[in-house]
Amino acid sequence: MRRGFGLHFPRIWRVKLLTILYIIGITAEGMTGALAAGRHNMDWFGVLFIACVTALGGGSIRDVLFGMYPLTWVAHPEYLAIICISALLTMKIPYFVVKFERTFLLLDALGLAVFSVIGARVGLDLHPSGVMAITGAIITGIFGGILRDIFCARIPLVFQKELYASVALLVGGLYVAFYFINTHYRILSENSIILICIAVGFSARLIAIRYHLGLPTFKFQN
Amino acid sequence: MRRGFGLHFPRIWRVKLLTILYIIGITAEGMTGALAAGRHNMDWFGVLFIACVTALGGGSIRDVLFGMYPLTWVAHPEYLAIICISALLTMKIPYFVVKFERTFLLLDALGLAVFSVIGARVGLDLHPSGVMAITGAIITGIFGGILRDIFCARIPLVFQKELYASVALLVGGLYVAFYFINTHYRILSENSIILICIAVGFSARLIAIRYHLGLPTFKFQN
Amino acid sequence: MRRGFGLHFPRIWRVKLLTILYIIGITAEGMTGALAAGRHNMDWFGVLFIACVTALGGGSIRDVLFGMYPLTWVAHPEYLAIICISALLTMKIPYFVVKFERTFLLLDALGLAVFSVIGARVGLDLHPSGVMAITGAIITGIFGGILRDIFCARIPLVFQKELYASVALLVGGLYVAFYFINTHYRILSENSIILICIAVGFSARLIAIRYHLGLPTFKFQN
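A quick note: this is a predicted structure, and the numbers were derived from the prediction, not measured. (Residues numbered from 1 in each chain as written. Chains lettered and ligands numbered in written order. Predicted model: local features only at pLDDT ≥ 70, side-chain atom pairs only at ≥ 80, totals over all residues. Heavy atoms only, no water.)

**Side note on helix α8 (residues 131-151) of chain C**
Side chains that are three or four residues apart share a direction in an α-helix, a result of its 3.6 residues per turn.
All names here are of chain C.
Argument step 1. Over its 21 residues, α8 extends 29 Å from the first C-alpha to the last, a length consistent with the 30 Å expected when each residue adds 1.5 Å.
Argument step 2. The sharpest bend along α8 comes to roughly 40°, located at I142.
Argument step 3. Most of α8 is tucked away: 19 of the 21 residues are buried.
Argument step 4. Phi for A153, located one or two positions after α8, is positive at around 55°. (Helix = DSSP H or I, 4+ residues; strand = E, 2+ residues; numbered from the N terminus. Expected span 1.5 Å × (residues − 1). Bend = angle between axes of the 7 residues up to and from the residue. Buried < 20%, exposed > 50% of the residue type's maximum accessible area, 1.4 Å probe, protein only.)

Structure follows, in structure tokens:
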């Protein structure tokens, strides 16, 4: 039931497209992490650390919970380097990053959609029902941000702001649906499914930000 | 030393009774998680997430630390569904839950005792000394609440309130003692040992709540 | 790729010296954990828990991320006992510990250096580039303190105070450098390399404390 890297790696990564999108995703997430660290006056090391945790935390938690070793960044330390460089750039030109906040939000939304698709693909093998694919999408999509906020000692934003986890849920559900349809009818290539899921997730996130859509909150006082 | 699921699952779960008690436990813990999330005005997703973390966090941390894969909820996604339903019910009728706070405390105490017994059973196989059984009982019993409090950015209650971890320690120690006695004298069935340990843990927790028993605290200022 | 304990344990621990230094390290870290818990008025159990997390957290996170089971304290529960005893002593005589703060800082610096060397040794086997050795050194050196601070609901000190993670980085880098030099020229015994790395790390940390050296911080406000 536990599978080595050699077994699941090809399935996920043979799709070059997804690798490129993944790198864009971790770069964007690393930058959000660096900015969050800067808001708490952390030193350089703290900035690099929070950037790595934000970018790789979701995938790492997923692989630890699912027992899939080695983790992506252990097998590919170059991802650590990419994130550190993007964090160092953010430190040098934070106001540049903020000025292009719109671009930045786009990249973050793209990262969320890409992470969710990758998580869904990994989780699909774990349980035939597809429940783990959706769980994998959510964990991969949101845990980077959750860890970032915990290391900054504040309540994770993901539980309070615009649709974020819901987008991961949507992407995961869509990927599972396409997968099951495809096992019977083979209408779409794997790359097409990936692109559709990412496009839907990306759009859903942007619409949520634009119109301040959020889930209803649950307020409770004794 | 690392054992697959197929190996340790039967030993734990062939006891139907323990499964039923476990489901009661995760339902109660999911409800405490949902209420805690409501106190921090989280959205629906946050409520479900905190509920799952509270109910399943202890067992997950234990299995990750002990290297036992797959985790319970990966092999049995239906537990995720049970917890989500109980959290959604709590959101609909929070004042009902509070009104029956007494019942609720009983269920939480039962959950603690059941989780501790399960943790002790899992840990017993890891080290012949029984130390890991007690450690397993404590981790399983308390880590759900610790994670709940960390995700809500507050100091874990378990370190400050009435006897909680101590109850897990007591249950774990008792289970180990019975186990060692039983290997020599076979006086009790496995089910009897489980029931005695749960009864003792359950009572100890209720007595601690009733009389506000707690461990002495350690106050230190420079 | 995943390796059992039997494989990497001898390589790390056949060096008796490192074991002795490791025990000094966890004792010192356990004491810092106990004092931090005391500052937050935790009960006895909380103090023991925070002490264990501070002393063993770094190594545990490293082994979980690297997929190396069983964890050190699962195979050697006696380390748990050593830490609990040192935490109980700290509770009895906190002012003694504070009075000898200087000695205490020395032990903590020694612990950091020792943990970093152990982490570098473990990480070296994971990736031929040596990047994982440095990552392993950093994770092992700093994660105990990070977890201690998260459980106390504050921003990890390690991101803000004098050089700490940088010392782990330095020790890890030095160990890797010596290792690569040694594969070609065999000029130094393994024990000598360990001692040099620890001495350098120890001195670097003390110099950083003495002269309040720290990394530049990154301040950012929208």
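**A look at the interface of chain C and chain A**
Argument step 1. With 34 residues of chain C at the interface, the matching set in chain A holds 35 residues.
Argument step 2. Note on chain C versus chain A: buried area summed over both sides is about 2900 Å², and carbon and sulfur give 72% of it.
Argument step 3. Together, F159(C), F218(C) and F220(C) form the three largest contributors to the area buried by chain C at its contact with chain A, with a combined 29%.
Argument step 4. Between chain C and chain A we count two residue pairs in polar contact (both at pLDDT 80 or more) in total.
Argument step 5. Of all the elements in the fold, those that place two or more residues in the side of chain C that touches chain A are α3 (44-66) and α8 of chain C.
Argument step 6. The greatest single-element share of the side of chain C that touches chain A, amounting to nine residues, is contributed by α8(C). (Contact = heavy atoms within 4.5 Å. Buried area = accessible area lost by both parts, 1.4 Å probe. Polar contact = N/O pair within 3.5 Å; in protein donor to acceptor, adjacent residues only side chain to side chain.)

**Here we look at the interface of chain B and chain A**
Argument step 1. In this assembly, 35 residues from chain B lie in contact with 34 residues from chain A.
Argument step 2. Summed over both partners, the interface of chain B with chain A buries about 2900 Å², with 72% contributed by carbon and sulfur atoms.
Argument step 3. When the area that chain B buries against chain A is broken down by residue, the three leading residues are D43(B), F45(B) and Y69(B), summing to 21%.
Argument step 4. The interface formed by chain B and chain A contains zero salt bridges.
Argument step 5. Summed over the shared surface of chain B and chain A, the result is two residue pairs in polar contact (both at pLDDT 80 or more).
Argument step 6. Elements with a contribution of two residues or more to the side of chain B that touches chain A: α2 (16-39), α3 (44-66), α4 (72-75), α5 (78-92), α6 (94-99) and α8 (131-151) of chain B.
Argument step 7. Counting residues per element, the side of chain B that touches chain A draws most heavily on α3(B), at seven residues. (Salt bridge = Lys/Arg side-chain N within 4 Å of Asp/Glu carboxyl O.)

**Things to note about the relation of the copies chain B and chain A**
Argument step 1. Here chain B sits on chain A after a turn of 120° about the axis and a move of 0.0 Å along it, with an RMSD of 0.0 Å. Here the symmetry operator amounts to a three-fold rotation axis. Among all residues of chain B, the minimum C-alpha distance to the rotation axis is found for A153(B), at 3.6 Å.
Argument step 2. Little of the interface of chain B is mirrored in chain A, where only 14% of its interface residues are also at the interface. (Least-squares fit on C-alpha atoms with pLDDT ≥ 70 in both.)

**Quick look at the pattern of salt bridges**
Argument step 1. By the definition in use, this model includes nine salt bridges over all chains.
Argument step 2. Taking the shortest distance from any N to any O, the salt bridge between E190(B) and R121(B) comes out at 3.0 Å. One end of the pair, E190(B), is in helix α10 (residues 190-210); the other, R121(B), is in helix α7 (residues 101-124), with 69 residues separating them in the sequence.
Argument step 3. Judged by its relative accessible area of 1%, R121(B) falls in the buried class.
Argument step 4. For the salt bridge of D63(C) with R62(C), the shortest nitrogen-to-oxygen distance reads 3.0 Å.
Argument step 5. Judged by relative accessible area, which is 4%, R62(C) ranks as buried.

**A word on the confidence of the model for chain A**
Residue and element names in this part refer to chain A.
Argument step 1. Averaged over all residues, the pLDDT of chain A is 85; the fraction at 70 or higher stands at 90%.
Argument step 2. Under a pLDDT of 50 for its full length, residues 1-10 has, in the predicted model, 19 contacts with residues more than four places off or in other chains.
Argument step 3. Per the prediction output, this complex has pTM 0.88; the corresponding ipTM is 0.85. (pLDDT = per-residue confidence, 0-100.)

**With respect to the relation of the copies chain C and chain A**
Argument step 1. Rotating chain C by 120° and moving it 0.0 Å along the rotation axis overlays it on chain A with an RMSD of 0.0 Å.
Argument step 2. Counting the interface residues of chain C, we find that no more than 15% of their copies in chain A are interface residues as well, pointing to two distinct contact surfaces.

**Overview of helix α5 (residues 78-92) of chain A**
Residues and elements named next belong to chain A.
Argument step 1. An ideal rise of 1.5 Å per residue puts 21 Å on 15 residues; α5 measures up with 21 Å between its terminal C-alpha atoms.
Argument step 2. All of the buried residues in α5 are Y79, L80, I83, S86, A87, T90 and M91. For α5, the angular spread of buried residues about the axis comes to 145°, placing them on one side. In α5, the exposed positions angled more than 90 degrees off the buried face are occupied by I85 and K92. (Arc of directions from axis to C-beta.)

**As for the packing of α7(B) against α8(B)**
Residue and element names in this part refer to chain B.
Argument step 1. Axis separation between α7 and α8 bottoms out at 7 Å; the angle between their running directions is 145°. When the axes of α7 and α8 are compared, the crossing they make is right-handed. Taken together, the residues of α8 that come into contact with α7 (itself represented by L112, F115, S116, G119, A120, G123 and L124) are M132, A133, G136, A137, T140 and G141. (Axes fitted to C-alpha atoms, helices over the stretch in contact; angles between N-to-C directions. Left-handed = near helix turned anticlockwise from the far one by under 90°.)

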